[in-house]
Amino acid sequence: MDKTKRLFFIALLPPQEIQDSITEIKQYFAENFSSRAALKSPPHITLQPPFEWHPDEISQLQDTLSQFALKRDRVPISLSGFSAFPERVIYVNVCKTPELWAIHQDLQNYLEGTIGIFDPMAKTRPFAPHVTVAFRDLTKPNFKAAWPQFKTRQLYFEFIISQLTLLIHDGQKWNICAQFPLNS
């Protein structure tokens, strides 16, 4: 990574009370399965995976996201139960809706077309929206211990996302850099 650039990503964040509930689940994984990596970011649905950007050009990035958000409607979201990418990731399942699919596709196309941001991996695999609760440092044995507890566990939330969120990595964790209201 270029030392003068910082890592950013773009996501949809649930309302704070739902973030708090999901963070409690992340904390459970940290305490019971030694998986703490998910605690390094707020609960979120990734729309644009991490990318490098020069901090001196942050206003261009923010202006681009602001212009995009103003033309997009708020996004209804349903979270339902848990799922996994065996044997390393456990997550809250995000119901795939046309609205969520559209904002993801439109944002990816807009960023690539306006400021050249794109994720080569996103072009080769389907969009799989999710809210991670355990990953990277979840060992295979701990996955096998945790997954039976979560695969049938009930969880359901419905809400409307009213803003895009730009997050920045500070070297340790992800922090909210800016938020961009969606058209209401």
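Engineer: Help me out: how do you make sense of the packing of helix α2 (residues 58–70) against helix α3 (residues 98–115) in this one?
Structural biologist: Two quantities define a packed helix pair, namely the angle between the axes and the distance from one axis to the other. Contact pair α2 / α3: the axes reach a minimum separation of 11 Å and the direction vectors enclose 140 degrees. The orientation of α2 with respect to α3, classified from their angle, is oblique. The two elements α2 and α3 meet at a crossing, and its hand is right-handed. Between α2 and α3, the residues in contact are Q60, L61, T64, L65, Q67 and F68 and I103, D106, L107, Y110, L111, T114 and I115, respectively. Here the residues of the contact of α2 with α3 sort into eight nonpolar, four polar and one charged.

Engineer: It is not clear to me how the side chain of T165 should be interpreted in this structure. Could you clarify?
Structural biologist: Within the secondary structure layout, T165 lies in strand β7 (residues 163–169). Here the side chain of T165 touches Q179 through a polar contact of 3.0 Å, side chain to side chain. Setting aside residues no more than four positions away along its own chain, T165 makes contact with F9, I10, A11, L13, I176, A178 and Q179.

Engineer: Whenever I open this one, α3 confuses me. Can you help?
Structural biologist: Helical periodicity: at 3.6 residues per turn, an α-helix aligns residues three or four positions apart in one direction. The first and last C-alpha atoms of α3 sit 25 Å apart over 18 residues, in line with the 26 Å expected at 1.5 Å per residue. Of all the residues in α3, the buried ones are L100, I103, H104, L107, Q108, L111 and I115. Considered in projection along α3, the buried side chains sweep an arc of 125 degrees and stay on one side of the axis. Away from its buried face, by an angle of more than 90 degrees, α3 presents the exposed residues P98, N109 and G113.

Engineer: Quick question: what am I supposed to make of the layout of surface pockets here?
Structural biologist: Over the atoms, a rolled probe matching the size of one water molecule traces out where space is still vacant. Its volume calculated, the largest pocket comes out at about 1,000 Å³. Along the walls of the largest pocket sit 40 residues, with T46, P49, P50, R125 and H130 positioned nearest its centre. Where the lining of the largest pocket is concerned, the elements lending two or more residues are β2 (45–53), α3 and β5 (130–134). Across the lining of the largest pocket, the residue classes tally to 20 nonpolar, 12 polar and eight charged.

Engineer: What am I meant to see in the nonpolar core here?
Structural biologist: For soluble globular proteins, the rule of thumb is that nonpolar side chains tend to be buried together. In this structure, F29, L61, I77, L79, I90, L100 and L164 are the most contacted members of the largest nonpolar core, which totals 48 residues. Discounting residues that sit within four places of it in the chain, L79 has contacts with I18, I22, V92, N93, V94, V131, L155, Y156, F157 and F159. If you look at the next biggest cluster of nonpolar residues, it comprises five residues, including F9, A11, L167 and W174.

What counts as what
Sequence order sets the numbering: in each chain, residues are counted from 1 along the sequence as written. Confidence filtering applies because this is a predicted model: local features only for residues at pLDDT of at least 70, side-chain atom pairs given and counted only at 80 or more, and all residues used for totals across whole chains, interfaces and linings. Water and hydrogen atoms were dropped before computing side-chain values, which therefore reflect all heavy atoms in the structure. In this analysis, axes come from line fits to C-alpha atoms, helices being fitted only over the stretch in contact, and the angle between any two N-to-C directions falls in the range 0 to 180 degrees. Secondary structure elements follow DSSP: runs of H or I no shorter than four residues count as helices, runs of E no shorter than two count as strands, and numbering proceeds from the N terminus. In these notes the angle categories are as follows: under 35 degrees is roughly parallel, over 145 is roughly antiparallel, 65 to 115 is roughly perpendicular, and the rest is oblique. By definition, turning the near helix anticlockwise from the far helix through less than a right angle yields a left-handed crossing, and turning it clockwise yields a right-handed one. Whether two residues are in contact is decided by their heavy atoms: any pair within 4.5 Å suffices. Ten residue types, Ala, Val, Leu, Ile, Met, Phe, Trp, Tyr, Cys and Pro, are classed as nonpolar, four, Asp, Glu, Lys and Arg, as charged, and the remainder, Gly among them, as polar. Polar contacts here mean pairs of N or O atoms no more than 3.5 Å apart (in protein, one a potential hydrogen donor and the other a potential acceptor; neighbouring residues in sequence count only if both atoms are side-chain atoms). By this rule the span expected of a helix is its residue count minus one, scaled by 1.5 Å. Note on classification: 1.4 Å probe, protein chains only; a residue is buried when its accessible area is under 20% of the maximum for its type, exposed when over 50%, partly exposed between these limits. The arc refers to the directions leading from the helix axis to the C-beta atoms. Grid points spaced at 1 Å and placed over the protein atoms alone form the basis of the search, with a cavity being a set where a 1.4 Å probe fits but cannot get out and a pocket an open set showing protein on both sides within 12 Å along at least five of seven lines. Lining residues have an atom within 4 Å of a point. Grid points are joined across faces, edges and corners, and a volume is the space filled by probe spheres set on the points. Here, nonpolar core means buried Ala, Val, Leu, Ile, Met, Phe, Trp, Tyr and Cys residues that are tied together by side-chain atoms lying within 4.5 Å of each other.

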